[in-house]
Amino acid sequence: MIKRITSYDEYKYNYKKSIAEPDSFWGEVAEGFHWKEKWKQVHSGNFDAVNFKWFEGAKLNLSENCLDVHLKSNADKVAIIWEPNNPDEENRTLTYRQLHREVCKFSNVLKQLGIKKGDTVCIYMPMIPELAIVMLACARIGAIHSIVFGGFSAHSLSGRINDACCKLLITADGFYRGEKPVYLKNISDEALKNCDSIKNVIVFRRAMIDIDVVAGRDLFWDQLMLNASDEFTAESMDSEDPLLILYTSGSTGKPKGVEHTTAGYMVYAGFTFLNVFQYREHDVFWCTADIGWITGHSYVVYGPLLNGATTLMFEGIPSYPDWSRWWNIIDKYGVNIFYTAPTAIRSFEAQGSQHLNDAKLNTLRVLGSVGEPINEEAWKWYNEMIGKNNCPIVDTWWQTETGGILITSLAGITPTKPSFATLPFFGVEPVIVDNNGVILNDILAEGNLCIKHSWPGQARTIFKDHDLFLKTYFSNYRGLYFTGDGCRRNENGFYRITGRIDDVIKVSGHRIGTAEVENAINEHKDVVESAVVAIPHYIKGEAIIAFVICTKKINDEEKLGKEIIQIVSEIIGPIAKPEKVFVVSGLPKTRSGKIMRRILRKIAEGNPEQVGDLSTLLNPEVVEEIKAVFAN
Ligand code: WTA
């Protein structure tokens, strides 16, 4: 049994213990999982040497912990409920026994195709149970999965495949998002023109749309599974064997392959799931995130299955066939715990309340929020309209790199406060640091959020680039993990995350790097240079605004804007599209050539009077020009 905290006093006691004696605390938590061999040391390493490890010396298998351990007493319990995009199509459920069987079969398929422990496998799939089956089969044989969100373009897909040297791609013919088809196989074919490492492609027929088949390379899921054995002994993995790579955006350069390892990730995902949401044995849990993001990895698949929970997977979108869809799903399956993003909440709020007319929502007990700061108004709407003032809201702050939730309340146990993530989870020691690297010890503080000590779910490296890992997260403030977020602490010691302080943008909760968008824009033949900033957007949280310098005088700026938006969609994916594009003759730069995005942001937000001191600029005159462009 995974350790469960059930009162505020227990939280306080255990939190203290987790900081004072982390090894003893985490050792006790880890006892709740299944190990083939126990660890020799709970934790080693530090943030100076960036060599932290957890549960070293142990042997385990994550898929065994998600499946086999539940077979004795819970084999017929539903593991996955799947709700299709189209409500008229039949839903599916898989019990733990059925899921185990499918995972064993697919593990044999992977083995037969020559996939071995340590190989990397790329997954580019819709939200269907087969996606979870592939993840668990990879974990079962010891292959490292790299999931690429189905909304990314061919270019993004090939970049990720090449970086991780994936041998195998698993995809589907396509799927529908509402009424819109997404042609995953066509996009994959396009991507694979530039990928030499891929030997085979496995295609799951989901949408029954026409696809091209490359003989010798492309194989079909149903044919491969037909004769596969349903027995497969899980591989014995070392604690620190890589489990997964997930690409995420940073301030600079290309997306980075964040690497999580087996034991620490497992313990952290399983333990946070149980305690943050206060999951109970017969709950139906629904996390609306796509599995292509870390939230989907940890809280659609691994966290719930480690706890033997019933997890709901939804293929569609909130507005199809209409805005009452999500509430219908909650009532249809009796969802007890519901976890979503502020952007979704604000989109519903903007629709009025008609979509809630037929909704009962009386099975809900806990609500969660993730991915971006939740504003007070959205928090209140969520609390009143969905929670009926009767469900604690956990505002969970975390990141791809953290593996699981780091700052949050525990549902119904620790206090909540609108727009505050509140208190640190066990073992997590947040510190607020000023720009000079001084830790602010006063209770009231505002600055850069760092974390002082390692926790088991922490990413261990960036795939094949440990120096970049070190530089990105551990070089800004010595001996501390730098999160990239700004943060405020109030008189109760509650943390309020104020948003990114680096050049990362959160559009509808999706994490996008300004440099990536700029590189894509610069591919346009008429563009010399560009700068991208985020401005507040009521529904999306943030929206992308692009400034471009062109090679020639542009007569039709609207047309250029459309072309640029198109290029960004093609190179990255539609989620990274700029909201607006402005043509300018120069960009404000420091004498060392750095673009002053702060100035652009102030102008784009409509606060040109707040641009501040321009004396350090190489070209202060462009600021007036840009202001004039906006004034029009
Ligand atoms: C932001 C998503 C405020 C934050 C799990 C972080 C949040 C980034 C919250 C990581 C929250 C996530 N309140 N901001 N509850 N949760 N963020 O890697 O800026 O996609 O650094 O992981 O999302 O985004 P990522």
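No experiment lies behind these values; they were computed from the predicted model shown.

Novice: Give a detailed account of the pattern of salt bridges, specifying residues and quantitative values.
Specialist: Inspection of every chain in the model, using the stated rule, returns 42 salt bridges. Its salt-bridge partner being Lys38, residue Glu31 comes within 3.1 Å of it at the nearest N-O pair. For Lys38, a relative accessible area of 44% corresponds to the partly exposed category. As a salt-bridge pair, Glu130 and Arg92 come within 2.8 Å of each other at their nearest N and O atoms. On the criterion of sequence distance, the pair formed by Glu130 in helix 5 (residues 129–141) and Arg92 in strand 5 (residues 92–95) is long-range, its members being 38 residues apart. One salt-bridge network, in which partners are shared between bridges, spans Lys185, Asp189, Arg217 and Asp218.

Novice: Please provide a residue-by-residue account of the side chain of Thr514, values included.
Specialist: Residue position: Thr514 is located in helix 15 (residues 514–521). With residues near it in sequence (within four places) discarded, Thr514 still touches Ser251, Asp503, Ile505, Val532 and Arg597.

Novice: Requested: an account of the packing of helix 3 (residues 62–74) against helix 5, with residues and values cited.
Specialist: Where helix 3 contacts helix 5, the axes come no closer than 7 Å and their chain directions differ by 120°. Counting all contacts with helix 3, which are made through Leu62, Ser63, Glu64, Cys66, Leu67 and Asp68, the residues of helix 5 involved are Leu136, Ala139 and Arg140. Along the lines of polarity and charge, the residues of the contact of helix 3 with helix 5 split into five nonpolar, one polar and three charged.

Novice: An account of the site of the ligand is requested, with residue identities and associated values reported.
Specialist: Around the ligand there are 17 residues in total, and Asp395, Thr400, Asp485, Lys506 and Arg511 lie nearest to it. With respect to the ligand, the backbone of Pro373 contributes an N or O atom lying 3.4 Å from a nitrogen atom. Take Arg500: an N or O atom from its side chain is 2.8 Å from an oxygen atom of the ligand. For the ligand, whose free accessible area comes to 530 Å², the fraction covered by protein is 97%.

Novice: Kindly report on the environment of Val258, identifying the contributing residues and their values.
Specialist: Mapped onto the elements, Val258 comes out in strand 15 (residues 256–261). Expressed as a C-alpha distance, the spacing of Val258 and Asp465, which sit 207 residues apart in the sequence, is 9.8 Å. With sequence-adjacent residues up to four places away left out, Val258 is seen in contact with Leu244, Ile245, Leu246, Thr248, Thr400, Glu401, Ala459, Thr461 and Tyr473.

Novice: Talk me through the state of the cysteines; I want residue IDs and the actual numbers.
Specialist: Overall, the coordinates contain zero disulfides when judged by the stated rule. No disulfide involves Cys122; its sulfur sits 4.9 Å from that of Cys166, the nearest cysteine. Free cysteine: Cys165, not disulfide-bonded; nearest cysteine sulfur from Cys166 at 7.7 Å. Judged by its relative accessible area of 39%, Cys165 is partly exposed.

Novice: Please provide a residue-by-residue account of the nonpolar core, values included.
Specialist: Within the largest apolar cluster, 173 residues are counted, with the highest numbers of intra-cluster contacts made by Trp26, Trp35, Phe106 and Phe277. Counting contributing residues, this core receives three or more from each of domain 1 (65–235) and domain 2 (504–631). When near neighbours in sequence (up to four residues on either side) are disregarded, Trp35 contacts Ala30, Phe55, Ala58, Lys59, Leu60, Ser239, Ala263, Met266 and Val267. Core analysis: the next-biggest nonpolar cluster, separate from the first, contains 28 residues, Tyr333, Phe348, Leu356 and Leu361 among them.

Novice: Explain the sheet that holds strand 11 (residues 200–204) to me, using residue names and the numbers behind them.
Specialist: Strand order in the open sheet made by the eight strands is 12-11-8-6-7-14-15-23, with mixed pairing throughout. The open sheet has two free edges, formed respectively by strand 12 (218–220) and strand 23 (461–462), since each of these has just one partner strand. Bridge count between strand 8 (residues 168–172) and strand 11: five bridges; the pairing is parallel. Bridge pairing links Ala172 to Phe204 in strand 11.

Novice: Explain the environment of Lys602 to me, and be specific about the residues and the numbers.
Specialist: One can find Lys602 in helix 17 (residues 597–605). With 67 residues separating them along the chain, Lys602 and Ile535 place their C-alpha atoms 8.5 Å apart. In this view, Lys602 contacts Asn607, Pro608, Gln610 and Val611; residues no more than four positions away in its chain are not counted.

Novice: Quick rundown of the domain arrangement of the protein chain? Include the residues and the values.
Specialist: Here the protein chain is described as being made up of domain 1 (65–235) and domain 2 (504–631). Each of domain 1 and domain 2 has a C-alpha centre, and the two are 38 Å apart. Taken together, the six residues of domain 1 in the interface contact seven residues of domain 2. Each partner contributes to the roughly 460 Å² buried at the junction of domain 1 and domain 2, and carbon and sulfur atoms together form 60% of this total. The largest share of the area that domain 1 buries against domain 2 comes from Phe152, Ser153 and His155, three residues that together contribute 58% of it. Our enumeration of links across domain 1 and domain 2 arrives at zero salt bridges. Where domain 1 meets domain 2, there are six residue pairs in polar contact (both at pLDDT 80 or more). Broken down by class, the residue content of the side of domain 1 that touches domain 2 amounts to two nonpolar, four polar and no charged.

Calculation rules
Residues numbered from 1 in each chain as written. Predicted model: local features only at pLDDT ≥ 70, side-chain atom pairs only at ≥ 80, totals over all residues. Heavy atoms only, no water. Salt bridge = Lys/Arg side-chain N within 4 Å of Asp/Glu carboxyl O. Buried < 20%, exposed > 50% of the residue type's maximum accessible area, 1.4 Å probe, protein only. Helix = DSSP H or I, 4+ residues; strand = E, 2+ residues; numbered from the N terminus. Contact = heavy atoms within 4.5 Å. Axes fitted to C-alpha atoms, helices over the stretch in contact; angles between N-to-C directions. Nonpolar A, V, L, I, M, F, W, Y, C, P; charged D, E, K, R; others polar. Near = heavy atom within 4 Å. Polar contact = N/O pair within 3.5 Å; in protein donor to acceptor, adjacent residues only side chain to side chain. Areas by Shrake-Rupley, 256 points an atom, 1.4 Å probe, with all protein chains shown as cover. Disulfide = S-S within 2.5 Å. Core = buried A, V, L, I, M, F, W, Y, C linked by side-chain atoms within 4.5 Å. Domains from an automatic or database assignment. Pairing = 2+ DSSP bridges. Buried area = accessible area lost by both parts, 1.4 Å probe.

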